[in-house]
Protein chains: 4
Amino acid sequence: MADKMRATIFLEPGRIVLGEKPIPHIGPLDALVRITTTTICGTDVHILKGEYPVASGLTIGHEPVGVIEKLGSAVLGYEEGQRVIAGAITPSGWSNASLDGCHSQCGRDGPHGFKPLGGWRFGNTIDGAQAEYLLVPDAMANLAPIPDGLTDEQVLMCPDILSTGFGGAEAGKIRIGDTVAVFAQGPIGLCATAGARAMGAAEIIAVESLPARAAISRKMGADHVVDFTHEDPVSEIMRITRGRGVDVAIEALGRQQTFEWALRCLRPGGTLSSLGVYSEDLRIPLDAFAAGLGDHRIVTTLCPGGKERMRRLMAAVAGGRVDTAALVTHHFGLDDIETAYDLFAHQRDGVLKVAIRP
Amino acid sequence: MADKMRATIFLEPGRIVLGEKPIPHIGPLDALVRITTTTICGTDVHILKGEYPVASGLTIGHEPVGVIEKLGSAVLGYEEGQRVIAGAITPSGWSNASLDGCHSQCGRDGPHGFKPLGGWRFGNTIDGAQAEYLLVPDAMANLAPIPDGLTDEQVLMCPDILSTGFGGAEAGKIRIGDTVAVFAQGPIGLCATAGARAMGAAEIIAVESLPARAAISRKMGADHVVDFTHEDPVSEIMRITRGRGVDVAIEALGRQQTFEWALRCLRPGGTLSSLGVYSEDLRIPLDAFAAGLGDHRIVTTLCPGGKERMRRLMAAVAGGRVDTAALVTHHFGLDDIETAYDLFAHQRDGVLKVAIRP
Amino acid sequence: MADKMRATIFLEPGRIVLGEKPIPHIGPLDALVRITTTTICGTDVHILKGEYPVASGLTIGHEPVGVIEKLGSAVLGYEEGQRVIAGAITPSGWSNASLDGCHSQCGRDGPHGFKPLGGWRFGNTIDGAQAEYLLVPDAMANLAPIPDGLTDEQVLMCPDILSTGFGGAEAGKIRIGDTVAVFAQGPIGLCATAGARAMGAAEIIAVESLPARAAISRKMGADHVVDFTHEDPVSEIMRITRGRGVDVAIEALGRQQTFEWALRCLRPGGTLSSLGVYSEDLRIPLDAFAAGLGDHRIVTTLCPGGKERMRRLMAAVAGGRVDTAALVTHHFGLDDIETAYDLFAHQRDGVLKVAIRP
Amino acid sequence: MADKMRATIFLEPGRIVLGEKPIPHIGPLDALVRITTTTICGTDVHILKGEYPVASGLTIGHEPVGVIEKLGSAVLGYEEGQRVIAGAITPSGWSNASLDGCHSQCGRDGPHGFKPLGGWRFGNTIDGAQAEYLLVPDAMANLAPIPDGLTDEQVLMCPDILSTGFGGAEAGKIRIGDTVAVFAQGPIGLCATAGARAMGAAEIIAVESLPARAAISRKMGADHVVDFTHEDPVSEIMRITRGRGVDVAIEALGRQQTFEWALRCLRPGGTLSSLGVYSEDLRIPLDAFAAGLGDHRIVTTLCPGGKERMRRLMAAVAGGRVDTAALVTHHFGLDDIETAYDLFAHQRDGVLKVAIRP
């Protein structure tokens, strides 16, 4: 093992480059994972554009699939050479937030143990996964062995996209027989559709204008795909549900427009499950909100993490309950990461997700 | 029993008057209740001001305490002469919404069975309780016998104020050991404070500027009362919680300002339980919402109703778990209802709730 | 319409016969339904054998599919001629139990409103569905219109078998990624398997010895079928789960043996969801129960009913989420009901469920 | 600091003695706590009697209050000299069970991460708290700083008794207005009574024959105390609840008799929350269980642990929501531990809990 590795580094807004960095030294609770496959997330594009600030010099990426290269001295229960994933969110396990089940808001510092987005460290507050090697903190809480027989690509969506999309369905507390609408069918919206299907929704209405995504949406479980460029999605959803509205609406884009549509198509007492990352204040229209008297719920979810979450998601993949293969539209080597960013950031060539192989 | 009765009638914005009406004829599922005590709600003042539209000629009021005068031919299980209350919300029991536990959004018409605010009928879509007699629809679902030994005044808050305030605590899913903030200590906020206490909150911070309400707030369970005219309530709550924020924040006024304060004082993963009736669009500030990634929940509650809800609330009163006596600050006869409205609408003389005795 | 109808009548243990009865007169809240398809339940066989006592002369059966013949004077929102089902359990909607969401234990009599099994009336405390006509009480709470395009047979399992089986999965609070075992694959066990699948279980292990049932079990969603006559099911489940045990075990037979197996294959903190009707005291082995310290849950479910439940189940059928066609193995006219009982009670000819057409 | 310390050691059934042991050496994730106050639990008496087997030579005790003497090299966020408690249950935080919120069944070994009772280590699988010093494993997940102003005795019940008792109320999902019965008013039963009160139960019926315990029971929140030596507790509870039964029954002794009483006094759809440690198979009477059709739930709870749980309990104490002072009836030095065991094991002199001060 050499001392240096290739890594995808954020320099300044507009510049994410392939560079060289020392291979990380690990502490007693850490693990070093050799990345075999990773991918680029929409959040990485926000970082690229300077919309989400991270430190200059940081390695980007939070979706690791790889092999354990080295284990910290206090790490028990794993073996070097094991194939593993880690979630985009790496909770400590021991913070007050983690112990309370709120892993994504895990605060390591200070006496209180909660920190907004504190569980998201890879490619945010510590070096990330778009590199040859990755230091995984709190390894015993975060390394999840890949079940025999699953390929890298089959589990590549588990660290973030699948966990987030399913998380949106779960936070909506979808029940057997529910009607669900999902706004936007990008990778996360597609996984939310799959999550709604997995939880027993009887009728799923996706809202998406791109024909390729609409086609995949039907594969993932949508019964209807409404093209908002051709018809008003709220009216159309009301027509499909014969005036009733949906039990749960999932927002998977992060815009005022989709948030508002989601609220307007809810039945009284329904739940708006929000997954989007917003970039401006949100407005709740008084009428759509029944002036506060509609027994509505608005819930938000940051990608659930930790090894038990990853284990469950991989079990769903292994059992054939969800298949995210159709989401990986392009493949690149790590050396071509800048090309991959260019393609992905501009959503060219029908790209949904790319697989990056160091 | 005469044919006519006195009733408090909405004529037009600005005019609620005492008038005369026929005593209602009841159908097979209804009951006629002779009102012994009722009260005025903040919502009635909205109606008076024309901010919430109801039909001209409607009898106002939705908080009945009384005696069963007559039972519909199909009503079983009650006796004339029984002392009862009915909730402000009178679910049918048989609508899809009711059968699904969503009683306040009970839709009687149409094939779908949900209707925004559909459970609220008294003084909204049918004649209400500020009268000598009240027709109670779906009587078997709504008449709740008053336990022996409880006075009218002891149960007068159950139909609306206590059910709503407790509902806000319940919708927040307050747990033993939680820290809770309650914004505004009007009658509903005071009952939300009592609800937080009843559910085991370890530390309760009320936000209120009127000294008399602050004093009652402490009696109802607040450990701290923050006067927002003297200090920024968010900073003060952060100081009290040593930077952690609260687990649950209850909004009990219906304003952008209090909604926003409630959101800003939440810990990551916390719940904003909203009880207020808003009169304009709400804004969710991006930073307070962690851009949608804070695992926040925003939940709204319309006063829970139905006889089982009323039974439970009266059991809490009978067991001494909550005492709303301090909320009734003034007494009037029905003949003085217009004076009572004048006092209540202008919040004169430290009024919290008035007891009206026909 | 004649005055008389054919009905399947319990006379005494061992004797259920086809007889003649007056067509029921309906009250203001009732509906009269002309039965187009119904079926026989295992419970009916218990009644036949005298193991579950009902009054001599009672019409048996609790799984109605039919057409509204006549509506009570107070029943709104339906039309004569509409195709409907009603659940095996017919909650009042207005009892305290119903208003509290505990529809199956609905108590109509007395001041408290709860009654063990009180929601089960058809073929138990009032005349049932194996007849030409059926009186449906509390019609507005119980008549569920059949969606266009669904046949009688497609919805025939909804009133009991599907509602109960799904109810077992729901009461187990199955989550995406769970491992679930289902003990016995009779009609209810098969529907529990389908329910586990519908809720996102990643791995489902059914326990059943009959090859025909094992085959249908795989169609309904089982990944493994363990034949308890060839291997110890607990050992086999532990082998399949690599020593972990299952998150949820569903008992669908009603025997000490299966109950105990279910408990023994649970992981610590797991849930035993019991659907079986037991005929003797149950024993909880100390070791399987971790002496009371294993954070186990044992939950029981009586078939959920009411029109909203039926609506949701039929939505799942209409959406193709579950297909119970394979469960209907035999067809009879009402005139052949005694033959049908004979076949069903002796489980001859691979019978699972029979369709009875008056 | 010397090398040796006094410790309470289990030798063989019938023999727990004060002996001398080396002060523990701590690893990187551990902390060494100097015990300032501890106590004896009923479980320790089971160990003494040989009813619960532990290794000869083990230090007993699982209820530590003390001061941080030394921190492992990887432990962050604490200071030596801080006053802390740790729960009787010390979850790892990082096991699959812990990450799933099932801390008490935390499995450190093996790939699956669940182990029956695996979170209980002190005085069970590693040395315990009845000594001068205690090694706390996974210190960052388990050390909970004591709020300023609370004495050792005020928090002495938090590690086990209060956490378990409250846990029984929480597992029962007690709601505002519920009626609750608690069987046996030993220390855990008394805390379950306090927990029922803290969660808003409107009427609490304790079952206990000892007058001193009955008196404390009323202080902790019981409205009625039924002496089972004078009257049948099931009949009496049915009389008090006017035939309805209780919503939640908490078993806090661990006997067939109390388990059965608890089941028999439940309303249909009620929850039996079991805290007792049983010593033989349990029997579920068919009639009390409605043959499996009563929508009953039986839930068991092993003392919840971890620092966040301890923080919440101490917050409840600090806020005056619960006062366990009356439970500490006797005081001993560590040198008198054998006398303390003798008193406690024979329940002499009205002992409830003893405070042991090294």
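Residues numbered from 1 in each chain as written. Chains lettered and ligands numbered in written order. Predicted model: local features only at pLDDT ≥ 70, side-chain atom pairs only at ≥ 80, totals over all residues. Heavy atoms only, no water.

Notes on the overall build of chain A
Part 1 of the reasoning: Looking only at helices and strands, one finds 11 helices and 16 strands in chain A.
Part 2 of the reasoning: A globule of 358 residues ought to have a C-alpha radius of gyration of about 21 Å, and chain A, at 20 Å, matches this closely.
Part 3 of the reasoning: For chain A, the spread of C-alpha atoms along the principal axes amounts to about 65 × 45 × 40 Å.
Part 4 of the reasoning: Taking all 358 residues of chain A together, 66% fall into the buried category.
Part 5 of the reasoning: Expressed as a percentage of contacts within chain A between residues at least 6 apart in sequence, the contacts between residues at least 24 apart total 67%.
Part 6 of the reasoning: Taken as a whole, chain A presents about 11800 Å² of accessible surface, with 51% of it coming from carbon and sulfur.
Part 7 of the reasoning: A gap of 4 Å separates the mean positions of the 33 positive and 42 negative side-chain charges of chain A. (Helix = DSSP H or I, 4+ residues; strand = E, 2+ residues; numbered from the N terminus. Rg over C-alpha atoms; globule rule 2.2 N^0.38 Å. Buried < 20%, exposed > 50% of the residue type's maximum accessible area, 1.4 Å probe, protein only. Contact = heavy atoms within 4.5 Å. Areas by Shrake-Rupley, 256 points an atom, 1.4 Å probe, with all protein chains shown as cover. Lys, Arg positive; Asp, Glu negative; His and termini not counted. Charge placed at Lys NZ, Arg CZ, Asp CG, Glu CD.)

Details of the packing of helix α5 (residues 158-171) of chain A against helix α10 (residues 307-318) of chain A
Residue and element names in this part refer to chain A.
Part 1 of the reasoning: Where α5 contacts α10, the two axes come as close as 10 Å, and the packing angle between them is 90°. Relative to α10, the element α5 is oriented roughly perpendicular. Across from Cys158, Pro159, Leu162, Ser163, Phe166, Gly167 and Glu170 in α5, the residues of α10 making contact are Arg309, Met310, Leu313, Met314 and Val317.
Part 2 of the reasoning: When the residues that make up the contact of α5 with α10 are grouped by side-chain class, the tally is 8 nonpolar, 2 polar and 2 charged. (Axes fitted to C-alpha atoms, helices over the stretch in contact; angles between N-to-C directions. Parallel < 35°, antiparallel > 145°, perpendicular 65-115°, else oblique. Nonpolar A, V, L, I, M, F, W, Y, C, P; charged D, E, K, R; others polar.)

What to know about the relation of the copies chain D and chain A
Part 1 of the reasoning: When chain D is fitted to chain A, the residual RMSD is 0.0 Å, and the transformation amounts to a turn of 180° plus an axial shift of 0.0 Å. Look at the turn and shift together and you get a two-fold axis relating the two. Taking C-alpha positions as the reference, the residue of chain D nearest the rotation axis is Gly93(D), at 2.1 Å.
Part 2 of the reasoning: When the interface residues of chain D are mapped onto chain A, 100% of them again lie at the interface, so the same face is used by both copies. (Least-squares fit on C-alpha atoms with pLDDT ≥ 70 in both.)

Considering the interface of chain D and chain A
Often the size quoted for an interface is simply the accessible area lost on bringing the parts together.
Part 1 of the reasoning: Listed as interface residues are 16 residues of chain D and, on the opposing side, 16 residues of chain A.
Part 2 of the reasoning: Both sides of the chain D and chain A interface together cover about 1700 Å² of buried area, and 66% of this is carbon and sulfur.
Part 3 of the reasoning: Looking only at chain D, the three residues that lose the most surface to chain A are Trp94(D), Leu99(D) and Glu308(D), adding up to 36% of its buried area.
Part 4 of the reasoning: Across the salt bridge formed by Asp100(A) and Arg312(D), the nearest N and O atoms sit 4.0 Å from each other.
Part 5 of the reasoning: For the side of chain D that touches chain A, the elements supplying multiple residues, two or more each, are α2 (96-99), α3 (139-142) and α10 (307-318) of chain D. (Buried area = accessible area lost by both parts, 1.4 Å probe. Salt bridge = Lys/Arg side-chain N within 4 Å of Asp/Glu carboxyl O.)

Focus on the domain arrangement of chain A
Residue and element names in this part refer to chain A.
Part 1 of the reasoning: As far as domains go, chain A holds domain 1 (4-87 + 122-156 + 324-357) and domain 2 (162-300).
Part 2 of the reasoning: A separation of 30 Å is found between the C-alpha centroids of domain 1 and domain 2.
Part 3 of the reasoning: Listed as interface residues are 7 residues of domain 1 and, on the opposing side, 9 residues of domain 2.
Part 4 of the reasoning: When domain 1 packs against domain 2, close to 710 Å² is buried across both sides, 79% of that on carbon and sulfur atoms. (Domains from an automatic or database assignment.)

Describing the interface of chain A and chain B
Part 1 of the reasoning: Taken together, the 43 residues of chain A in the interface contact 43 residues of chain B.
Part 2 of the reasoning: Each partner contributes to the roughly 3800 Å² buried at the junction of chain A and chain B, and carbon and sulfur atoms together form 59% of this total.
Part 3 of the reasoning: Together, His112(A), Leu293(A) and Thr300(A) form the three largest contributors to the area buried by chain A at its contact with chain B, with a combined 18%.
Part 4 of the reasoning: Between Arg175(B) and Asp100(A) there is a salt bridge, and its shortest N-O distance comes to 2.8 Å.

Some remarks on the packing of aromatic side chains
Part 1 of the reasoning: If you walk through the whole model with that rule in mind, you get 20 aromatic pairs over all chains.
Part 2 of the reasoning: For the pair Phe183(D) and Trp261(D), a centre-to-centre distance of 6.4 Å together with 35° between the ring planes defines the contact as tilted. Taken together, the positions of Phe183(D) in strand β8 (residues 179-183) and Trp261(D) in helix α9 (residues 256-264) put the pair 78 residues apart, joining distant regions of the chain. Take Phe183(D) and Trp261(D): they sit in the same class, and that class is buried.
Part 3 of the reasoning: One aromatic cluster is present, built from ring pairs that chain together Phe183(A), Phe228(A) and Trp261(A). (Phe/Tyr/Trp six-rings, centres within 6.5 Å; stacked < 30°, edge-to-face > 60°.)

Things to note about the pairing of strand β1 (residues 4-12) of chain A
Residue and element names in this part refer to chain A.
Part 1 of the reasoning: Across 8 bridges, the pairing between β1 and strand β2 (residues 15-22) is antiparallel. Following the sheet pairing, Ala7 is matched in β2 by Gly19.
Part 2 of the reasoning: Between the antiparallel neighbours β1 and β2 lie 2 residues, among them Gly14 with a positive phi of about 95°. (Pairing = 2+ DSSP bridges.)

Notes on the confidence of the model for chain A
Part 1 of the reasoning: Taken over all residues, the pLDDT of chain A has a mean of 96, while the share at 70 or more is 99%.
Part 2 of the reasoning: Prediction confidence for the complex, expressed as pTM and ipTM, is 0.98 and 0.97 respectively. (pLDDT = per-residue confidence, 0-100.)

Details of the sheet that holds strand β10 (residues 224-226) of chain D
Part 1 of the reasoning: Overall, mixed pairing links the 12 strands, which are arranged β10(C)-β9(C)-β8(C)-β11(C)-β12(C)-β14(C)-β14(D)-β12(D)-β11(D)-β8(D)-β9(D)-β10(D) in an open sheet. The sheet is open, and its two edges are formed by β10 (224-226) of chain C together with β10 of chain D, each paired on a single side. The mean inter-strand angle of the sheet, taken between neighbouring strand axes irrespective of direction, is 20°.
Part 2 of the reasoning: Across 5 bridges, strand β11 (residues 246-251) of chain D lies against strand β12 (residues 266-274) of chain D in parallel orientation. By the bridge assignment, Val246(D) is partnered in β12(D) with Leu266(D).

Brief notes about the sheet that holds strand β5 (residues 83-85) of chain C
Residues and elements named next belong to chain C.
Part 1 of the reasoning: If you trace the 5 strands from one edge of the open sheet to the other, you get β6-β3-β4-β5-β7, paired in antiparallel fashion. Where the open sheet ends on each side, the last strands, each with one partner, are β6 (133-136) and β7 (144-145).
Part 2 of the reasoning: The sheet contact formed by strand β4 (residues 65-71) and β5 spans 3 bridges and is antiparallel. When the bridges of β5 are listed, Val67 appears paired with Arg83.

Regarding the environment of Ile216(B)
Residues and elements named next belong to chain B.
Part 1 of the reasoning: Its location among the elements puts Ile216 in helix α7 (residues 211-220).
Part 2 of the reasoning: The spacing of Ile216 and Leu327 is 111 residues in sequence and 8.1 Å in space, taken between C-alpha atoms.
Part 3 of the reasoning: Once residues within four sequence positions are removed from consideration, Ile216 is found in contact with Leu190, Ala326, Leu327 and Leu352.

Focus on the relation of the copies chain A and chain B
Between the two chain copies there is a screw-like relation: a rotation about an axis and a shift along it.
Part 1 of the reasoning: Of the two same-sequence chains, chain A is brought onto chain B (RMSD 0.0 Å, axial shift 0.0 Å) by a rotation of 180°.
Part 2 of the reasoning: A share of 100% of interface residues in chain A that are also interface residues in chain B marks the association as one of identical surfaces.

Considering the side chain of Glu208(B)
All names here are of chain B.
Part 1 of the reasoning: Within the element layout of this structure, Glu208 appears in the loop between β9 (203-207) and α7.
Part 2 of the reasoning: For the buried residue Glu208, which engages in no salt bridge, the nearest side chain bearing the opposite charge is Arg213, 4.8 Å off.
Part 3 of the reasoning: For Glu208, the side chain forms a polar contact with the main-chain nitrogen of Gln185, separated by 2.7 Å.
Part 4 of the reasoning: One polar contact links the side chain of Glu208 to the main-chain amide nitrogen of Leu210, over a distance of 3.1 Å.
Part 5 of the reasoning: Apart from residues no more than four positions distant in its own chain, Glu208 is found in contact with Ala184, Gln185, Gly186, Arg213, Ala214, Val225, Val226, Asp227 and Phe228. (Polar contact = N/O pair within 3.5 Å; in protein donor to acceptor, adjacent residues only side chain to side chain.)

Quick notes on α9(D)
Given 3.6 residues per turn, any residue in an α-helix points the same way as the ones three and four places further on.
Part 1 of the reasoning: Burial of α9(D) is extensive: 7 of the 9 residues sit out of reach of the surface.
Part 2 of the reasoning: Every buried residue of α9(D) is accounted for by Gln256(D), Thr258(D), Phe259(D), Glu260(D), Trp261(D), Ala262(D) and Leu263(D).

Some thoughts on helix α7 (residues 211-220) of chain A
Residues and elements named next belong to chain A.
Part 1 of the reasoning: Residues of α7 that are buried include every one of Arg213, Ala214, Ile216, Ser217 and Met220, and no others. Projected onto a plane normal to the axis of α7, the buried residues spread over an arc of 165° and lie on a single side. When the buried face of α7 is taken as reference, the exposed residues oriented beyond 90 degrees from it are Pro211 and Lys219.
Part 2 of the reasoning: Contacts from the buried residues of α7 go to α6 (187-198), β9 (203-207) and β10 (224-226). (Arc of directions from axis to C-beta.)

Regarding the pattern of salt bridges
Part 1 of the reasoning: For the structure on display, the rule yields 102 salt bridges over all chains.
Part 2 of the reasoning: Note that Glu132(B) is salt-bridged to Arg6(B), the shortest N-O span being 3.2 Å. Placement of Glu132(B) in the loop between α2 (96-99) and β6 (133-136) and of Arg6(B) in strand β1 (residues 4-12) is noted, with a sequence separation of 126 residues between them.
Part 3 of the reasoning: In this structure, Asp335(C) and Arg6(C) form a salt bridge, with 2.5 Å as the shortest nitrogen-oxygen distance. One end of the pair, Asp335(C), is in the loop between β15 (328-333) and α11 (337-345); the other, Arg6(C), is in strand β1 (residues 4-12), with 329 residues separating them in the sequence.
Part 4 of the reasoning: Of the residues examined, Asp335(C) reaches a relative accessible area of 53% and is grouped as exposed.
Part 5 of the reasoning: Connected through shared salt-bridge partners, Asp100(A), Arg175(B), Asp178(B), Arg244(B), Asp247(B), Arg267(B), Glu308(D), Arg311(D) and Arg312(D) make up one network.

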